[in-house]
Amino acid sequence: MITAEWLKEKLLPLARTKEADKAAIVFMRTCLQVSRFANSLIHQHMQDEDQTVYFRVLKDGRIGIASTNSIDEHNLKEALKRALALAHLRLQVKEKKDIPFFKPVKAAAHLYSEETASLPAQKRAGILQRVFSGGQELGVKFSGNLYNGESTLAVISSEGKINHHRYSLAGMKLIATGAGSSGYAAQANHDIHKLGIENLADTAMKKCLHGLKTETLKPDKYDVILEPAAVAELIQWLNYIGFGAKSVLEETSFLWKKAGRSITGEEVSIYDSGLDPDTFILPFDFEGLSRKKVYLIRKGAAGEPLTDSHYARLLKLKPNGHASFPDDTGGPVGYNLVMEQGKASYDKIVASAKRAILVSRFHYINGFLDTHRALMTGMTRDGTFLIENGIPKSALTNMRFTESVLEAFKRIKYVSRERQTVADHLEGLGSACVPTLYIRDFNFTS
Amino acid sequence: MHRKFSFAIVNLMRKAIIRSMMHKLKGKGVDYADIRWVKKQHESLSVFNYDVENISSHIDEGYGIRVLCDGAWGFSCGSIFEEGLIEKNIALAIEIARVSSFINKEKVAFPAYPAVHATYSSAYQINPFEVALDTKLHYLFYTNELLLKEPKIKFAQSTLDFYHTTKFFVNSEGSQIEQSFIESGGYFEAVAGEGSNVQKRSYPISHHSQIRQAGYEYIRELDFPHHAGRVRDEALMLLDAPDCPDKETTIILDGYQMALQVHESCGHPAELDRVLGSEISYAGGSFLTLDKLSKFRYGSRQVNITADANLSGGVGSFAYDDEGVAAQRIGLVRQGLFDDYLSSRETATTLKRASNATMRAESWNCIPLIRMTNINLEPGKESLEEIVADTKDGLYLCTNKSWSIDDLRLNFQFGTEIAWQIKNGKLKQAYKNPVYYSNTPYFWGNCSAVANKDSWYVWGIPSCGKGEPSQSMHVGHATSPARFEKIKAGVRR
């Protein structure tokens, strides 16, 4: 186990190198145990344990970055040497870079469950056996994954400050399949006992069984009910193309020159907050700075972008603690995205629909079509239903949408009271807590 | 000299440890086992608006143990080469496999293969890790300078990436295979802007580096400075260009867009693990179901698609895959008829065929999956110029901008950075914001020409995602431009 004491003893002396003006070390370690299954058989079953130690060193306004996955003393020193060599290159510097000073933030101990971090394969297999048996009775097979593990993030400064965050994680994704139909359900939590596995299996199976009778709609504008997994995918793309300061600096973001101006309907408020308890808490960023709560869209008006120390300086803003991985050239991004809840219950939203398409999740969204409008395209997947007079009438074959998400967010009729935390630790860091949305006239193109 | 000597000693020690691990594994009654020791080095340099954005150097090393016990798989891995931890990981891999076996109702079929002893290194002339960083940065700065000459170019980025991967593979059948790959590549882009009208042009590809199995000589061949002026001017020109008209028309896709088209609509659906449902929860399934093998008309007679793991320079090339099977060249689509899948030792048994060697893992801590090797659209007979001259009315679409396809790989929509109008056999004005959309068999069925060897080029994509946990793989595509009839194209909506 990597403790704060270990970090202090092994890495702090390296961060205090005399050969740089400043230095910082980012330590990231993830241990995952994954049972992946298809057709109700475990086909990929694994344990993965790895860490990365990034060295960022500053010399005369230049930063060199090197990393290693070894925690052997010799290899750590070699990585530091490589970072120093890169920072010492005699280059012309237009904008001098810096490594910011940070204050230690309080560690959150309640996010760690020993049982979840180390649940063995046998226990996961037992859970899956029960899920598979439940499906067998109804002629349904399951594909997906069940995982558990833990993650540690630490940032160490040359001033001797250490921010250290350790948490356990678990998740389940289920795709129930049968007779050409499929249904989706997923959940993630710090505690494997809080995944609600029986509910997930029920939801996936119900969606699959509802999908046995399928019809096809012609491309047109339809009202949609987007469930949380679908909403989260749209918001993650907004994050990718427009919430970060780099896209604002590049003038490609929908937030560019829009601060305080209306860009969506008033029902929409989205923020990023590292301490939001409905997300996987990440109290500090990869520069060690506290992740502040930042409204990106507030009651429909554009907010401020997510910044790190570098882009904050370039945009003449204050850093708000959203530095990404040390070598990520994409700039700051949000890892704790929250869309504020509405007043309507999910059941009321469905019951209110005269004719609407219910979308469980999207597939392969691409948001590069026109980033100023947040114009995106993507397919529906694993549970698309036609709701008529508040009742599911039939399943629908998957459809492609091409739609400006900002314009669609001006046509929101309901935002649900209930929200869900959407995270997939097998795909990457970050989570979003989002509601269900009812949107009028969503544009399906093929 | 001392440094090289010490590396050699470490390598010898690592190999001895891996052999000893395999010896222990064989004594534990497993049906099959393999161990891969992988070391990866990645150097990345990026200059953004005439300032260094990133200079980084990464080294990653470890071993992965895959075992088949009682007809089920288990995998464990580690990055610390200590005896106690290795023992623990061996026991864990076996335990995981036995647990799977206990609940799985079907056993894995895994045919034996002959043992192989081999060593392979990819070809290169200049080791990119021995080229001075100053030289690389000067190249990037000079490219930036050329791109930023016009004030309407809002930002410019130029990037180089270099990879060195070494693998040592042993298995319980007695194979010992050592492979080393050097890859080099880069790209640059210029973004022109006037208010919310933002247009980008990139070279040689967009979004990420174009990579080859090659040394620094490939960076010279790419010759960024030679292309910078054209790319800059086209980005500026697009600011005033009209939107691409909406119509059903003839389209010609450039070589890189063809690479993406082959990747998404042929490479992925031909992966046999997807067909059998292994990837349903993430990447999806495939419309190329087993009943279609050797019967299904995938495209017109012009369409010949191969998977060639021996292609010179392709980043999907190797001598042996991560199951110890020798690299092959196979036909996936022959004269439009779908003829084979990408397979592994396990999945090929479904077809009563042998593996065609496509199992690769991103790194030591990943399970090998069926991955595209170099999936190529074989060249046709006419030159690109002849194809354009033979087109009365249409669009020539260049450089991918957006991509999306459904989970069965049928319904797709792509956008490109620029479209050129074709009128009476000649390229005319440029259009901005073009997209085209179609359905895979219809699209390939309407392929009316593929350009010849003169414009056939080996593209390298460094970021093909698959698997849970997700793996990002380097895959290759050799393609030339091709023409398609009656395709819906137009502007983004």
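Reading the values: rules and limits
- Position labels on residues start from 1 in each chain and follow its written sequence.
- All chains are assigned letters beginning at A, and all ligands numbers beginning at 1, according to the order in which they are written.
- Owing to the predicted nature of the model, reporting of local features is limited to residues with pLDDT of at least 70; listing and counting of side-chain atom pairs is limited to 80 or more, with chain, interface and lining totals taken over all residues.
- Only heavy atoms go into the side-chain values, all of them from the structure, while hydrogens and water stay out.
- Under the DSSP-based scheme used, a helix requires at least four consecutive residues in state H or I and a strand at least two consecutive residues in state E, with every element numbered from the N terminus.
- Relative accessibility under 20% of the residue-type maximum defines a buried residue, over 50% an exposed one, and the middle range a partly exposed one, all with a 1.4 Å probe and only protein chains included.
- Pairs of N or O atoms within 3.5 Å make up the polar contacts considered here, provided that, within protein, one atom can donate a hydrogen while the other can accept it, and that residues adjacent in sequence are counted only when both atoms are side-chain atoms.
- Pairs of residues are marked as contacts when any of their non-hydrogen atoms sit within 4.5 Å.
- For patches, a residue must show more than 30% relative accessible area and have no salt bridge; joins then use 9 Å for like charges and 5 Å for nonpolar side chains, namely Val, Leu, Ile, Met, Phe, Trp and Tyr.
- Using a 1.4 Å probe, accessible areas were evaluated by the Shrake-Rupley method; residue-level cover was limited to the displayed protein chains.
- Any Lys or Arg side-chain nitrogen located within 4 Å of an Asp or Glu carboxyl oxygen qualifies as a salt bridge.
- Domain start and end points were adopted from an automatic or database domain assignment.
- Summed over both partners, the accessible area lost on bringing two parts together, with a 1.4 Å probe, is the buried area.
- Two strands qualify as a pair provided that DSSP identifies no fewer than 2 bridges between them.
- Only Phe, Tyr and Trp rings take part, Trp by its six-membered ring, and two of them pair if their centres are within 6.5 Å. Stacked means planes under 30 degrees apart, edge-to-face means over 60, and tilted covers everything else.
- Axis definition: a line fitted to C-alpha atoms, limited for helices to the stretch in contact. Angles are taken between N-to-C directions and run from 0 to 180 degrees.
- By the definition adopted for this analysis, an angle is roughly parallel if under 35 degrees, roughly antiparallel if over 145, roughly perpendicular if from 65 to 115, and oblique otherwise.
- By convention the crossing between two helices is left-handed if the near helix lies anticlockwise of the far one by an angle smaller than a right angle, and right-handed if it lies clockwise.
- Only Asp, Glu, Lys and Arg are considered charged in this grouping, and only Ala, Val, Leu, Ile, Met, Phe, Trp, Tyr, Cys and Pro are considered nonpolar; every other residue, Gly among them, is considered polar.
- Nonpolar cores are built from buried Ala, Val, Leu, Ile, Met, Phe, Trp, Tyr and Cys residues. Side-chain atoms within 4.5 Å join them into one set.
- In this analysis, the expected span of each helix is defined as 1.5 Å times one less than the number of residues it contains.
- The pLDDT value tells you how sure the predictor is about a given residue, anywhere from 0 up to 100.

1. A few points about the side chain of A:Ser151
All names here are of chain A.
Thinking step 1. With respect to the element layout, Ser 151 can be found in strand S4 (residues 141-157).
Thinking step 2. Looking at Ser 151, the relative accessible area reads 2%, which means it is buried.
Thinking step 3. One polar contact links the side chain of Ser 151 to the main-chain carbonyl oxygen of Arg 29, over a distance of 3.4 Å.
Thinking step 4. In contact with Ser 151, other than residues within four places in its own chain, are Met 28, Arg 29, Thr 30, His 165, Arg 166, Tyr 167 and Leu 169.

2. Side note on a nonpolar patch on the surface
Thinking step 1. Residues A:Leu138, A:Leu209 and A:Leu212 make up a contiguous nonpolar surface patch of roughly 260 Å² in combined accessible area.
Thinking step 2. In this structure, A:Leu209 sits in helix H5 (residues 197-210).

3. Side note on the domain arrangement of chain A
All names here are of chain A.
Thinking step 1. We note that the domain assignment places domain 1 (4-209) and domain 2 (213-443) within chain A.
Thinking step 2. Taking both partners together, domain 1 and domain 2 bury about 3,100 Å²; carbon and sulfur atoms supply 66% of that area.
Thinking step 3. One can count 2 salt bridges joining domain 1 with domain 2.
Thinking step 4. Lys 173 is the salt-bridge partner of Asp 424, the closest N and O atoms lying 3.7 Å from each other.

4. Digging into the pattern of salt bridges
Thinking step 1. In total, this model carries 51 salt bridges over all chains according to the counting rule given.
Thinking step 2. The closest approach of N and O atoms between B:Lys24 and B:Glu87, which form a salt bridge, is 3.1 Å. Pair noted here: B:Lys24 is in helix H1 (residues 2-26) and B:Glu87 is in helix H2 (residues 83-103), with a separation of 63 residues, a long-range link.
Thinking step 3. For B:Glu189, the salt bridge identified is with B:Lys200, shortest N-O distance 3.3 Å. Residue B:Glu189 is found in strand S6 (residues 176-194), and its partner B:Lys200 is found in strand S7 (residues 197-203); the two are separated by 11 residues along the sequence.
Thinking step 4. Connected through salt bridges with shared partners, the residues A:Arg36, A:Lys173, A:Asp424, B:Glu279 and B:Glu468 form a single ionic network.

5. Some points on the interface of chain B and chain A
How big an interface is tends to be expressed through the accessible area that disappears when the partners come together.
Thinking step 1. Residue-level contacts link 75 residues of chain B with 78 residues of chain A.
Thinking step 2. Summing both sides of the interface, chain B and chain A together bury roughly 6,700 Å²; the carbon and sulfur share of this comes to 51%.
Thinking step 3. Counting across the chain B and chain A interface gives 6 salt bridges.
Thinking step 4. Two residues, B:Glu53 and A:Lys246, come together in a salt bridge whose shortest N-O distance is 2.7 Å.

6. With respect to unusual backbone geometry
Thinking step 1. Of the consecutive residues B:Tyr203 and B:Pro204, the connecting peptide bond is found in the cis state with omega at -10 degrees.
Thinking step 2. Turning to its location among the elements, B:Pro204 is positioned in the loop between S7 and strand S8 (210-212).
Thinking step 3. Between B:Glu468 and the following residue, B:Pro469, the backbone shows a cis peptide bond with an omega angle of 0 degrees.
Thinking step 4. Within the element layout of this structure, B:Pro469 appears in the loop between strand S21 (457-466) and strand S22 (471-479).
Thinking step 5. Despite not being glycine, A:Ala374 shows a phi value in the positive range, around 55 degrees.
Thinking step 6. With respect to the helices, strands and loops of the structure, A:Ala374 is situated in the loop between strand S13 (355-370) and strand S14 (375-388).
Thinking step 7. Looking at A:Ala374, the relative accessible area reads 0%, which means it is buried.
Thinking step 8. Despite not being glycine, B:Asn433 shows a phi value in the positive range, around 55 degrees.

7. Re the pairing of strand S18 (residues 431-443) of chain A
Residue and element names in this part refer to chain A.
Thinking step 1. With 11 of 13 residues buried, S18 is to be regarded as a mostly interior element.
Thinking step 2. Sheet analysis places strand S8 (residues 221-226) next to S18, joined by 5 bridges and oriented antiparallel. Bridge assignment links Lys 221 to a residue of S18, and that residue is Asn 443.
Thinking step 3. As paired elements, strand S12 (residues 336-339) and S18 share 3 bridges and run parallel to each other.

8. Side note on the packing of aromatic side chains
Residue and element names in this part refer to chain B.
Thinking step 1. The final tally for this structure, using the stated rule, is 42 aromatic pairs over all chains.
Thinking step 2. Ring plane angle 55 degrees and centroid distance 4.7 Å describe the contact between Tyr 32 and Phe 110, whose orientation is recorded as tilted. Of the two residues, Tyr 32 sits in strand S1 (residues 32-48) while Phe 110 sits in the loop between H2 and strand S4 (117-121), which places them 78 residues apart along the sequence. The same class applies to Tyr 32 and to Phe 110, which are both buried.

9. Concerning the packing of helix H4 (residues 121-136) of chain A against H5(A)
A pair of packed helices is captured by two measures, namely the crossing angle of their axes and the spacing between those axes.
Residue and element names in this part refer to chain A.
Thinking step 1. Contact geometry for H4 and H5: axes closest at 11 Å, N-to-C directions at 30 degrees. In terms of axis orientation, H4 runs roughly parallel to H5. Classified by chirality, the crossing of H5 by H4 is right-handed. Contacts between H4 and H5 involve Ile 127, Val 131, Gly 134 and Gly 135 from the first element and Ile 197, Ala 201 and Met 205 from the second.
Thinking step 2. Here the residues of the contact of H4 with H5 sort into 5 nonpolar, 2 polar and no charged.

10. A short note on the nonpolar core
Thinking step 1. Counting residues in hydrophobic clusters, the biggest one holds 105 residues, and the most contacted among them are A:Phe243 and B:Ile305.
Thinking step 2. Ranked by residues supplied to this core, first place goes to helix H6 (residues 228-243) of chain A with 9 residues.
Thinking step 3. Not counting residues within four places of it along the chain, the set of residues in contact with A:Phe243 comprises A:Ile235, A:Leu238, A:Phe254, A:Leu255, A:Ile270, A:Leu296, A:Ile297, A:Pro305, A:Leu306 and A:Leu337.
Thinking step 4. Within the second largest apolar cluster, 35 residues are counted, among which are A:Val26, A:Leu153, A:Phe280 and A:Leu426.

11. Here we look at the pairing of S22(B)
Residues and elements named next belong to chain B.
Thinking step 1. The buried fraction of S22 is high, at 8 of 9 residues.
Thinking step 2. Summarising the sheet, S21 and S22 pair through 8 bridges and their orientation is antiparallel. The residue bridging Gly 465 from the neighbouring strand is Ser 472, located in S22.
Thinking step 3. Taking the residues between adjacent antiparallel strands as the criterion, S21 and S22 are bridged by 4 residues, where Gly 467 takes a positive phi near 90 degrees.

12. Observations concerning the sheet that holds strand S15 (residues 375-377) of chain B
Residue and element names in this part refer to chain B.
Thinking step 1. Strand order in the open sheet made by the 4 strands is S12-S11-S10-S15, with antiparallel pairing throughout. Of all strands in the sheet, those with a lone pairing partner are strand S12 (337-338) and S15, marking the two edges.
Thinking step 2. Relative to S12, strand S11 (residues 329-334) runs antiparallel, the two sharing 2 bridges. The residue bridging Val 333 from the neighbouring strand is Phe 338, located in S12.

13. A look at the domain arrangement of chain B
All names here are of chain B.
Thinking step 1. Under the domain assignment, chain B is made up of domain 1 (2-240) and domain 2 (247-489).
Thinking step 2. Each of domain 1 and domain 2 was reduced to a C-alpha centroid, and the two centroids are 22 Å apart.
Thinking step 3. On the domain 2 side, the residues contacting the 56 residues of domain 1 number 46 residues.
Thinking step 4. Where domain 1 meets domain 2, there are 4 salt bridges.
Thinking step 5. A salt bridge links Arg 345 to Glu 173; the shortest N-O distance between them is 2.4 Å.
Thinking step 6. Where domain 1 touches domain 2, the interface holds 26 residue pairs in polar contact (both at pLDDT 80 or more).
Thinking step 7. With 6 residues, the top contributor of residues to the side of domain 1 that touches domain 2 is strand S2 (residues 51-69).
Thinking step 8. Of the residues that constitute the side of domain 1 that touches domain 2, the class distribution is 27 nonpolar, 15 polar and 14 charged.

14. What to know about H6(A)
Thinking step 1. An ideal rise of 1.5 Å per residue puts 22 Å on 16 residues; H6(A) reaches only 19 Å between its terminal C-alpha atoms.
Thinking step 2. Burial runs high along H6(A): 13 of the 16 residues are buried.

15. Considerations on the confidence of the model for chain B
Thinking step 1. Per-residue confidence for chain B gives a mean pLDDT of 96; residues scoring 70 or more make up 98%.
Thinking step 2. Interface confidence in the predicted complex, given as ipTM, is 0.95; pTM for the same model is 0.96.

16. Let's talk about the environment of B:Glu43
Residue and element names in this part refer to chain B.
Thinking step 1. Checked against the element boundaries, Glu 43 lands in strand S1.
Thinking step 2. For Glu 43, a relative accessible area of 11% translates into the label buried.
Thinking step 3. C-alpha separation for the pair Glu 43 and Val 231, spaced 188 residues apart in sequence, amounts to 26 Å.
Thinking step 4. Glu 43 has contacts with Ser 56, Ser 57, Phe 129, Leu 133, Lys 136, Leu 160, Asp 161 and Phe 162, leaving out every residue within four places of it along the chain.
Thinking step 5. Here the side chain of Glu 43 touches Lys 136 through a polar contact of 2.6 Å, side chain to side chain.

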